[in-house]
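Analysis of the macromolecular model
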Amino acid sequence: MMSESRSREKILEIQALSARYGQIEALHSVDLDVGEGELVAVLGPNGAGKSTLLRSVMGLTSSTGTVRFRDKILPRRDTSAIARSGIVLVPEGRGIFGPMTVQENLQLGAYLIGGRGADFERRREKVLALFPRLKERLTQTAGSMSGGEQQMLAVGRALMSEPRLLLLDEPSLGLAPKVTAEILETLGRLNRDGLPILLVEQKAPLALKLANRAYVVSNGRISAQIDPREIKSHADLAHHYFN
Amino acid sequence: MPTLPTTISTNAGLLLRYLPAVLAVGLIAYAIVAGGHFVTLAGFALIYAVFVTGLNIFMGYAGQASFGQNAFAAIGGYASAVLTATYGWPPIPALIVGAAGAALCAVVIGYPTLRLRGHYLAMATLAIGLIVYEVTVQWQSVTQGYMGISGIPPLGIGSWEVTSDRAQLIMLSIVVTLCMASAWLIRNSRFGRAIVALSGSEDAARALGVDVARYKLAAFVVSAVYASLAGSLFVHIVGFVSPEVFGMHMVILGFTMLYVGGIGTITGPLVGAIVINLLPETFRGLKDYQDLVYGAALILLLIYAPGGLASLGNALKRRPSTPIPATAPKGARP
């Protein structure tokens with residue numbers, strides 16, 4: 001699978017990406033790539049720099065280095081332009097707009113196409129088919145929903161823009177196992193339908209079930225690359241984490 | 001009988017939701033019919049409703065802090081006063097020029113200051129209010145300083161002028177209705193959704209393609225135009241303007257009205273403006289204790305209706321069905 005993934009056309013190429021928070025270096029010269037149709041997982045302990053990696057790609061954190069997406073170099077601090085290029089981030093903690101209704105959150109997801117019209121309706125129906133629970137909640141304020149529903153909304157909202165690359169930051173955070181499994185299963189289905197995904201996740205076994213490839217981040221550096229097929233046990237995983 | 005309590009709570013919620021707005025409209029209607037001192041009070045309340053509607057767009061929707069909205073009211077008010085009383089312009093073009101001037105100032109001032117956040121933005125906007133106040137005091141050749149400008153004509157078109165108290169109140173009611181309708185349209189537009197989004201999380205809004213800096217500035221400009229309109233209306237209704245009219249008390253009153261009425265709601269500014277204007281009158285009979293009771297009433301309102309009077313109904317809103325569990329049950333393993 002690894003070699004098969006490697007042969008895929010690279011759509012996201014990250015080279016020598018570094019980011020700092022004041023004196024602290026959160027990301028140190030990271031190289032990473034995602035191929036067409038791939039689901040690449042970024043694993044690592046809390047505070048390793050996984051979220052900073054996604055935020056830096058999205059231009060939400062100042063960084064140095066090069067991020068190339070579909071042969072174009074992305075600006076480092078123009079998040080709107082990066083979003084317009086087709087990359088969408090589902091941030092850690094979901095980032096849903098609590099006082100707004102589910103419908104309005106979905107409209108904001110389709111902000112770049114105006115949030116209305118036939119195209120919007122088509123996208124919305126697609127998202128509601130993926131997450132039928134949201135259909136019952138359309139007029140409800142997003143902040144009053146459960147964590148599981150909010151995560152579904154966060155993913156659904158991201159899909160409203162029909163992204164060409166989906167960045168996901170800890171989608172399982174704070175969710176019950178059943179809900180996590182449901183969401184990850186949906187992500188797997190989206191990926192099988194051709195959507196490339198860069199998934200940051202602490203729950204490595206869950207992420208490795210879906211991923212074509214995985215990177216382990218430790219202290220802001222890529223410490224290992226993993227072929228999920230080679231991971232047969234927790235010991236194998238621990239070997240990559242701690243070696 | 002599980003449906004009975006649900007029905008009661010839904011009906012009570014609906015009643016509470018619309019009751020403050022219905023009462024506010026009822027009081028204005030009563031003022032039009034009754035006349036007298038009540039008309040003046042209702043008139044001022046409606047002018048403040050315009051001012052607070054603008055403040056609500058910037059603070060309630062966009063989630064930003066501005067202590068300098070009085071500056072834009074002063075720009076509108078003085079533009080109307082100077083152009084009509086000194087240069088003989090008709091009121092409507094003077095009002096439009098005032099609003100355009102306020103919008104232009106908001107762009108010039110907002111571009112650098114809106115990069116600031118939270119307390120820093122609040123302090124910067126406070127400075128804007130103080131600067132404009134100082135300009136109205138010092139630029140005596142135009143503003144007449146503390147003496148103020150009198151002889152400002154009432155609003156009207158051509159030879160037709162709105163002179164009687166009742167006619168002015170009806171006109172103000174129409175203006176406030178239009179302002180609330182435009183605020184509703186803004187809130188439900190792409191622009192409105194974007195500014196509400198940035199109040200929730202600027203990063204999340206940015207990641208969806210929203211140009212946060214541009215929308216913050218646009219919200220600031222829109223709120224400045226509302227403030228300018230309120231300033232112009234005030235000078236045409238009263239016929240006089242001086243620097244004190246647009247002092248810091250205007251900002252404090254505006255904030256109180258916004259929070260008492262309901263920040264982020266459509267009808268909140270109107271409800272808050274009417275309640276805050278009428279409360280002191282209600283307690284006038286208490287003489288020496290008037291201010292004490294007024295203060296206590298405000299505190300009680302904010303304790304028992306923290307979202308404001310216009311959002312009372314939300315307290316009884318019911319969730320439609322059982323949610324999916326948010327977090328892992330105890331003992332659950334990933």
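Overview of the structure. This is a predicted model, so every value here is computed, not measured.

**Some remarks on the overall build of chain B**
A count of helices and strands for chain B gives 13 helices and 4 strands. Expressed as a percentage of the 334 residues in chain B, the buried residues total 50%. The contacts in chain B between residues at least 6 apart in sequence include a share of 76% that link residues at least 24 apart. About 15800 Å² of surface is accessible on chain B, with carbon and sulfur atoms providing 70% of the total.

**So, the pattern of salt bridges**
Note that side chains of opposite charge can pair when their charged atoms are close. For the structure shown, the criterion picks out 22 salt bridges over all chains. With its nearest N and O atoms 3.8 Å apart, the salt bridge here joins Glu185(A) to Arg189(A). Taken together, the residues span about one helical turn, with Glu185(A) and Arg189(A) both in helix α8 (residues 177–192) at a distance of 4 residues. Under the relative-accessibility criterion, Glu185(A) is labelled partly exposed at 44%. Taken together, the shared-partner salt bridges in this structure form one network comprising Arg55(A), Glu202(B), Asp203(B), Arg206(B) and Lys216(B).

**Overview of the sheet that holds strand β4 (residues 63–69) of chain A**
Residues and elements named next belong to chain A. If you walk across this open sheet you meet the 4 strands as β2-β1-β4-β5, and the pairing is antiparallel. Of all strands in the sheet, those bounded by a partner on one side alone are β2 (24–35) and β5 (72–73). Inspection of the sheet shows strand β1 (residues 10–21) paired to β2 by 8 bridges, in the antiparallel sense. The partner of Ile-14 across the bridge, within β2, is Leu-32. Across the face of the sheet, helix α2 (residues 50–57) comes into contact with β1, β2 and β4 while running at roughly 115° to β1.

**Considerations on the nonpolar core**
One finds Val50(B), Ile195(B), Leu233(B) and Phe246(B) to be the most contacted residues of the largest nonpolar core, which totals 99 residues. It is helix α2 (residues 37–61) of chain B that contributes the most residues to this core, 16 residues altogether. With sequence-adjacent residues up to four places away left out, Ile195(B) is seen in contact with Ile57(B), Tyr61(B), Ala62(B), Tyr215(B) and Ala219(B). Residues Val88(A), Leu106(A), Leu153(A) and Ala158(A) belong to the second largest nonpolar core, which totals 47 residues.

Reading the values: the criteria
Residues numbered from 1 in each chain as written. Chains lettered and ligands numbered in written order. Predicted model: local features only at pLDDT ≥ 70, side-chain atom pairs only at ≥ 80, totals over all residues. Heavy atoms only, no water. Helix = DSSP H or I, 4+ residues; strand = E, 2+ residues; numbered from the N terminus. Buried < 20%, exposed > 50% of the residue type's maximum accessible area, 1.4 Å probe, protein only. Contact = heavy atoms within 4.5 Å. Areas by Shrake-Rupley, 256 points an atom, 1.4 Å probe, with all protein chains shown as cover. Salt bridge = Lys/Arg side-chain N within 4 Å of Asp/Glu carboxyl O. Pairing = 2+ DSSP bridges. Axes fitted to C-alpha atoms, helices over the stretch in contact; angles between N-to-C directions. Core = buried A, V, L, I, M, F, W, Y, C linked by side-chain atoms within 4.5 Å.

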